[in-house]
Amino acid sequence: MSDPRALAKQLRDAYAQRVLVPSPTSVDPAFDLAAGYAVERELVRLRAAAGHHPVGLKVGFANKAMWRVLKLDTLVWAHMYDDTVRLAGDGSSSLPYSVASLTAPKIEPEIVFKLKQPIPPGGDAAAALACVEWLALGFEIIDCVYPEWKFQAPDFVA
């Protein structure tokens with residue numbers, strides 16, 4: 001199985017140097033969601049050591065039609081950080097960097113929300129909504145270091 005620390009450093013360096021790297025699943029067919037989350041945990045550690053702290057989670061593949069395509073039985077998630085999330089409190093915001101510094105950027109509209117309390121395990125949609133402090137329209141500027149944006153769910157998590 002792939003080494004989570006080595007993969008986390010490879011991905012961190014690929015983003016920093018703006019180079020493409022093979023997706024973990026293309027190199028190691030046994031790379032699964034558990035392995036992806038092990039890499040994600042290591043990235044949290046590396047980013048915290050560099051002074052960047054998690055401020056929330058990004059949910060991916062929330063569309064159940066994508067679950068069938070990707071052979072998932074759940075949604076996936078990864079951390080977002082204080083140096084990458086911007087609140088548009090006055091109705092506007094700007095990026096703290098140039099998009100020219102990204103490898104292969106895309107933009108996606110998102111629904112974002114802030115929780116006022118944890119969502120209880122096993123709660124239904126109404127229980128989850130009762131835990132929300134606010135909802136807003138957001139835009140995600142995403143970057144990908146995998147060639148041609150080709151990846152599987154474990155690669156996304158990593």
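Please refer to the structure higher up on the page.
Below or above, wherever it landed, is the structure these notes cover. (Residues numbered from 1 in each chain as written. Predicted model: local features only at pLDDT ≥ 70, side-chain atom pairs only at ≥ 80, totals over all residues. Heavy atoms only, no water.)

**A few points about helix α1 (residues 4-17)**
Move 1: When the terminal C-alpha atoms of α1 are compared, their 20 Å separation across 14 residues agrees well with the 20 Å that a helix rising 1.5 Å per residue should span.
Move 2: Taken together, the buried positions of α1 are L7, A8, L11 and A14. In an axial view of α1, the angular spread of the buried residues amounts to 130°, which keeps them on one side of the axis. Set apart from the buried face of α1 by more than 90 degrees, the exposed residues are A16 and Q17.
Move 3: If you follow the buried residues of α1, they end up packed against α2 (24-27) and α3 (33-49).
Move 4: Within two residues after α1, R18 carries a phi angle of roughly 55°, on the positive side. (Helix = DSSP H or I, 4+ residues; strand = E, 2+ residues; numbered from the N terminus. Expected span 1.5 Å × (residues − 1). Buried < 20%, exposed > 50% of the residue type's maximum accessible area, 1.4 Å probe, protein only. Arc of directions from axis to C-beta. Contact = heavy atoms within 4.5 Å.)

**Some points on the pattern of salt bridges**
Move 1: One pass over the structure, following the stated rule, counts seven salt bridges.
Move 2: In this structure, R45 and E42 form a salt bridge, with 2.6 Å as the shortest nitrogen-oxygen distance. Highlighted residues: R45 and E42, both in helix α3, separated by three residues, approximately one helical turn.
Move 3: Given the relative accessible area of 38%, R45 is considered partly exposed.
Move 4: A residue is classified by how much of its surface remains accessible, and E42, at 7% relative accessible area, is buried.
Move 5: Across the salt bridge formed by E110 and K58, the nearest N and O atoms sit 3.3 Å from each other. Highlighted residues: E110 in strand β3 (residues 106-115) and K58 in strand β1 (residues 54-60), separated in sequence by 52 residues. (Salt bridge = Lys/Arg side-chain N within 4 Å of Asp/Glu carboxyl O.)

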